[in-house]
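Chain by chain, the residues run as shown.
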Amino acid sequence: MQERARATRRSLLEAAASLFAERGYAGTSVNDISSRSGRTSGAVYFHYASKEGIALAVVRDRFATWPELADRYTNDAVPPMDRLVALSYDIAKALAEDPVTRGGARLWAEREVINATLPDPFALWTAATTRLLAQARATGQLAPHIRPAPTARALVRAFFGLCSLTEALEGTATITARLAEWWHLTLPSLQAAPKR
């Protein structure tokens, strides 16, 4: 019984996330979620107290927490700047392809119309980026004038803006190409000059 309840809850969350990504918060109703998931409206309200509750669950599920994000980028055998770039591509891929991540991103962008306080989705990204930049500094990869914490804030915000605008202007198919262009522009300003 518990497994069936978990499966129902997950199907509702995924249906809601897809709809939020496609139509936005205001354009999605509980009936839409019920219909997309193949479950009853009663099931929606049983598992989530309100539309705001399911929106909050979507943001918390992947967009704001990024399960395993920190653990996947702790391999000291890989240079920190390489891990930072790999992290950005993984996040960009999720923003382009994963319905729950996409739904969470759209909900966060529309947070002013949602009667719930959504978690800060950038805290974990910024902490992971700060840590990687600090490691790059410790290994001599980072330019001396770069300060990890403020640089991490700027990088995460610029990255999210790049992904959001690329999707809005060109669709998700070009996000990886635009990210490559962004890193070609950004990396040289972060990296220490090669030793002679």
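All of these numbers come straight from a predicted model, not from anything done at the bench. (Residues numbered from 1 in each chain as written. Predicted model: local features only at pLDDT ≥ 70, side-chain atom pairs only at ≥ 80, totals over all residues. Heavy atoms only, no water.)

Asker: If you had to explain the nonpolar core to someone new, which residues and values would you point to?
Answerer: Ranked by internal contacts, the top residues of the largest apolar core, which has 55 residues, are Phe-20, Leu-95, Trp-125 and Phe-159. Top element by residues in this core is helix H6 (residues 80-97). It accounts for eight residues. Taken domain by domain, this core gets at least three of its residues from each of domain 1 (3-59) and domain 2 (63-190). (Core = buried A, V, L, I, M, F, W, Y, C linked by side-chain atoms within 4.5 Å. Buried < 20%, exposed > 50% of the residue type's maximum accessible area, 1.4 Å probe, protein only. Helix = DSSP H or I, 4+ residues; strand = E, 2+ residues; numbered from the N terminus. Domains from an automatic or database assignment.)

Asker: Any details on the domain arrangement of the protein chain? Residues and values, ideally.
Answerer: What the domain assignment lists for the protein chain is domain 1 (3-59) and domain 2 (63-190). Placing the centre of domain 1 and that of domain 2 at their C-alpha centroids yields a distance of 27 Å. Opposite the 17 residues of domain 1 that make contact, domain 2 presents 17 residues. Buried surface at the junction of domain 1 and domain 2, both sides included, amounts to about 1300 Å², of which 72% is carbon and sulfur. On the domain 1 side of the interface with domain 2, the three residues burying the most area are Ala-21, Tyr-25 and Val-59, jointly 44% of the side's total. The tally of links between domain 1 and domain 2 comes to zero salt bridges. Linking domain 1 with domain 2 are three residue pairs in polar contact (both at pLDDT 80 or more), by the criterion used here. Counting only elements with at least two residues in the side of domain 1 that touches domain 2, the list comes to helix H1 (2-23) and helix H4 (51-63). Per-element tally for the side of domain 1 that touches domain 2: the top contributor is H1, with nine residues. Looking at the side of domain 1 that touches domain 2 residue by residue, the class counts come to 10 nonpolar, two polar and five charged. (Contact = heavy atoms within 4.5 Å. Buried area = accessible area lost by both parts, 1.4 Å probe. Salt bridge = Lys/Arg side-chain N within 4 Å of Asp/Glu carboxyl O. Polar contact = N/O pair within 3.5 Å; in protein donor to acceptor, adjacent residues only side chain to side chain. Nonpolar A, V, L, I, M, F, W, Y, C, P; charged D, E, K, R; others polar.)

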